[in-house]
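Remarks on the overall topology
Now for the letters of each chain:
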Amino acid sequence: MKIEVVLYATLTRYHPEEKGNKPFSVELPEGATIKELIEKVGIQEGEAKQVFIRHKSRRPDYVLEDGERVAIFPPVAGG
Amino acid sequence: MDKIVRVNMTDKKVTVEPVPDKYKGKGGRWLTSLMVSDEVPAGAHPLGPNNKLFFAPGMVTGTHAPNSGRISVGGKSPLTGGIKEANAGSPFPQKLARMGYAALVLEGLVEDDKRWLLKLGLDGGELLPADDLKDKGTYECAKMLWDKYGEKTAFCVNGPAGEAKMAMAGIAFNDPEGRPARYAGRGGLGAVMGSKGLKAIVLEDENAPAVKPKDPEMFKAGQKKLADAILSHDVTKKGGALNSYGTAVLINILNEAGGLPTNNFRTGVFDGAQKISGEALAEAAKTRGGAGMMGHSCHPGCIIHCSNVYAKEDGSEHVSCVEYESSWSLGANCGIDNLDQVAELIRMCNDYGVDTIEAGVTVGVAMEAGLAKFGDGKGAIELFSEIGKRSPLGHILGQGAQFTGEAYGVTRIPTVKRQGMPAYEPRAVKGIGVTYITTPMGADHTAGYTIAPEILSVGGKAEPLSAKDKIGLSKAFQQTTAFIDSCGYCLFIAFPILDIPSGFDGVVETVNGMLGTKYTGDDVTRIGDEILRIEKDFNVRAGVGGKDADRPPEFMRYEKLPPHNHVWDIPDEELDTFWDK
């Protein structure tokens, strides 16, 4: 299945074509989880703090569905 | 800090007195709120002779404690009609503290239309005629002040909006490079300063002694614990999110969470979010070069460096600082996705001397009224320039979102206690809504930043869309925040100290080391609660503290907010339990 990935802030350095926030596709087997997606993108353990799908924060064991758009953030804060 | 300086604008007398016992060992918000409560009659007109303006550095400001250069400004707010504390980071409070002043009190009222400048030294000050600064923008004033008094002085200055007594006027403090860009922005305290005819304060702190903690060993130990926590936490460390992208790093995450108020709080998602984000700012700093930079700081001793300088295409300086709140209010909230236009609007706010949050919420409401189109940056700039022209429309806009909405018959006015809501949608993030509604300040995110657990997973985790258990969450944040605001610490130390217990211990130890007190962690909550109740009590006496004042804007109860399609659903009865002991 195909997953659309958007990386933010310091995670943009993992973009396969160095294109910052631009979405890119990742091919994964059916039933793959967010944790597996993060590993596939090559993000080091502990660096991905928050993952949003359809505007909700999702846990690492969330099972992905074909065509989903996944937004991944490192630890961020502000005010 | 054993002196209070009183500046009486009626008879132009400046007097220095010892700090009375009641106020000893207090600082920042604790001191300003206490003094407002004690000295300002609750029924006073905010712009009349009986309102006063209080400036107080925090309890550890002026020391080497990290990120402790904050000043609290307090008074009765022309915007909300209630008590107000607005704070800013600047070298100004650090110098004020080293000069030995626990508070500066501005009182009385000028009888004519003249402007005055307070020149404050170690042993007192004098009021000097300042008609040469009259009606001038803050940037020009800032340059004139440093040219005349030297670049070692610190200053604060009131813009033309404050002189015109507009309720969105803030007070600008200098940053380390002399920009009038660090604002005690919220609640219209610039209008109070304007009503008293004071245009600027200059601090001449030559030979000011160092601030000496009563227990230097304890102070030093606390200082180290706090610094270690700040420098090791993922969001505040060097190369972390705040340092690399500034506060606007939040634009994308709030957008992904569906909580970024867009087009005057019509939806929680903005298509142009990435273009006005922290990432876009960092990219512009890199590609445009020149004056643009990330990692700027608002005062010496800051080890987070979340500020920035934004450059024009040719590399020349456009404005400092593009904050999350400003980029949201004048960007997403108005449907504007052009960072150069947003930067220009921020520059105009700084020059006129107004709060960027109230400004953006007001423009959003004005767009709702049809005065400009959502997304039309040029139209927004043109509309906003009416404030600078002081046209009749400018005077309406200058009174803020609530007043503007009422003038044009708008029903979607996102305010609480007449103050514009900041950059988090209460229908999508319920805890922050409780803070907006219950804080004595009027809608204010900094009063109890539940976004940390609700969106950022800092200090635990809470479900943003859930209405459950949000009263207690907001209350705990509000209590701790009132204490941090009294220390003079930047609120961003909250992120590391929420996650790292030794950092929290460090805060308490620096205060104890400084004052010789024996406060514990429990005292932080107790003192914070005491401050909130002083403020609430003032509001009750002023007529803005009743249950009716602690309510959300009605449209949020019946209008579902996309993408989650939630309404505001925390029952009023539950809101009313906030003040139960």
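Sequence positions are assigned chain by chain, starting from 1 and proceeding in written order. Chain letters start at A and ligand numbers start at 1, both assigned in the order the entries are written. Totals for whole chains, interfaces and linings use all residues, but because this is a predicted model, local features are given only for residues with pLDDT of at least 70 and pairs of side-chain atoms are given and counted only at 80 or more. Computation of side-chain values covers all heavy atoms of the structure but excludes hydrogens and water.

Thoughts on the side chain of Glu85 of chain B
All names here are of chain B. Looking at the secondary structure, you find Glu85 in strand S5 (residues 83–89). Type-normalised accessible area, obtained with a 1.4 Å probe on protein chains alone, sets the label of each residue: buried when under 20%, exposed when over 50%, and partly exposed for intermediate values. Positive charges are assigned to Lys and Arg, negative charges to Asp and Glu, while His and the chain termini are left out of the count. What makes a salt bridge here is a side-chain nitrogen of Lys or Arg within 4 Å of a carboxyl oxygen of Asp or Glu, nothing more. Comment: no salt bridge for buried Glu85; closest opposite-charge side chain is Arg29, at 4.4 Å. In protein, a polar contact means a hydrogen-donor-capable atom and an acceptor-capable atom, both N or O and within 3.5 Å, with residues adjacent in sequence counting only if both atoms are side-chain atoms; elsewhere, any N or O pair within 3.5 Å suffices. At 3.2 Å, the side chain of Glu85 and the side chain of Asn87 are in polar contact. Among all residues touching Glu85, those that are not within four sequence positions of it are Arg29, Thr32, Ser72, Val73, Gly74, Met441 and Asp485. Here a strand is any run of E in DSSP of at least two residues, a helix any run of H or I of at least four, and the numbering for each starts at the N terminus. Note on contacts: a residue pair qualifies if any of its non-hydrogen atoms lie within 4.5 Å across the two residues.

Side note on unusual backbone geometry
All names here are of chain B. Residue Cys321 is bonded to the preceding Ser320 through a cis peptide linkage, with omega at 15°. As for its position among the elements, Cys321 is in the loop between strand S15 (317–319) and helix H10 (324–329). Cis peptide bonds are those with omega within 30 degrees of zero, and the linkage from Pro562 to Pro563 qualifies with 5°. A positive phi angle, near 60°, is found at Phe265, a position not held by glycine. Inspection of the secondary structure puts Phe265 in the loop between helix H8 (250–256) and helix H9 (278–288). Judged by relative accessible area, Phe265 falls into the buried class, the value being 0%.

Remarks on the pairing of strand S11 (residues 180–184) of chain B
All names here are of chain B. In terms of burial, S11 is largely enclosed, as five of its five residues are buried. Strand direction decides the pairing type here: strand S10 (residues 171–174) and S11, joined by four bridges, are antiparallel. From the neighbouring strand, Asn174 faces S11, where its bridge partner is Pro180. Hairpin geometry of S10 and S11 is characterised by an intervening segment of five residues between the two adjacent antiparallel strands and by a positive phi of about 90° at Gly178. At least two DSSP bridges between two strands are required for those strands to pair.

Some details on the side chain of Thr362 of chain B
Residue and element names in this part refer to chain B. Mapped onto the elements of the fold, Thr362 is located in helix H12 (residues 356–368). Of note is the side chain of Thr362, whose polar atom sits 2.9 Å from the backbone nitrogen of Ala401. Residues within four places of Thr362 in sequence aside, it is in contact with Met168, Leu397, Gly400, Ala401 and Thr404.

Description of the confidence of the model for chain B
Regions with low pLDDT carry predicted coordinates that are not meant to be interpreted in detail. Per residue, pLDDT captures the predictor's confidence, and it can take any value from 0 to 100. Mean pLDDT for chain B: 97, with 100% of residues reaching 70 or above. With a pTM of 0.98, the predicted complex shows an ipTM of 0.98.

Section: the interface of chain B and chain A
Interface size is commonly expressed as the accessible surface area that is lost when the partners come together. Across the contact, 32 residues belong to chain B and 21 residues belong to chain A. With both chains or domains summed, chain B and chain A bury close to 2100 Å², and 59% of this area falls on carbon and sulfur atoms. Accessible area, probed at 1.4 Å, shrinks when two parts are joined; the buried area is that loss added up over both. The largest contributions to the chain B side of the interface with chain A come from Ile253, Glu256 and Gln274 of chain B, which together make up 29% of the buried area. For the pair chain B and chain A, the number of links is one salt bridge. Residues Glu256 of chain B and Arg69 of chain A are paired through a salt bridge, measuring 2.8 Å at the closest nitrogen-oxygen approach. Going through the elements one at a time, helix H7 (241–245), H8, H10 and helix H17 (451–456) of chain B are the ones with two or more residues in the side of chain B that touches chain A. Broken down by element, the side of chain B that touches chain A gets its largest block of residues, five residues, from H8 of chain B. Under this grouping Gly is polar, as are all residues other than the nonpolar Ala, Val, Leu, Ile, Met, Phe, Trp, Tyr, Cys and Pro and the charged Asp, Glu, Lys and Arg. Taken together, the residues of the side of chain B that touches chain A sort by class into 18 nonpolar, nine polar and five charged.

Observations concerning the nonpolar core
Residues belong to a common nonpolar core when they are buried Ala, Val, Leu, Ile, Met, Phe, Trp, Tyr or Cys residues joined through side-chain atoms within 4.5 Å. Trp328, Phe384, Leu456 and Phe495 of chain B are the most contacted members of the largest nonpolar core, which has 130 residues in total. Not counting the four nearest positions on each side in its chain, Trp328 of chain B is found in contact with Ile251, Leu260, Pro261, Phe265, Asn333, Ile357, Val361, Met421, Pro422 and Ala423 of chain B.

Regarding the packing of aromatic side chains
Residue and element names in this part refer to chain B. For Phe, Tyr and Trp, rings pair up if their centres lie within 6.5 Å, where Trp contributes its six-membered ring, and each pair is then called stacked (planes under 30 degrees apart), edge-to-face (over 60) or tilted (otherwise). Taken as a whole and assessed by the stated rule, the structure comprises 12 aromatic pairs over all chains. Ring geometry for Tyr424 against Tyr449: centres 5.6 Å apart, planes inclined by 80°, an arrangement best described as edge-to-face. Pair noted here: Tyr424 is in the loop between strand S17 (419–420) and helix H16 (430–438) and Tyr449 is in the loop between H16 and H17, with a separation of 25 residues, a long-range link. Three or more aromatic residues link up through ring pairs in this structure, and these residues are Tyr324, Tyr424, Tyr449, Phe492 and Phe495. Cation over ring: Lys3 sits above Tyr101, and NZ or CZ is 4.4 Å from the ring centre. By the criterion adopted, a ring carries a charge over it if an Arg CZ or a Lys NZ lies within 6 Å of its centre and within 35 degrees of its normal. One residue, Lys26, lies across the ring of Trp30, its end atom 4.9 Å from the ring centre.

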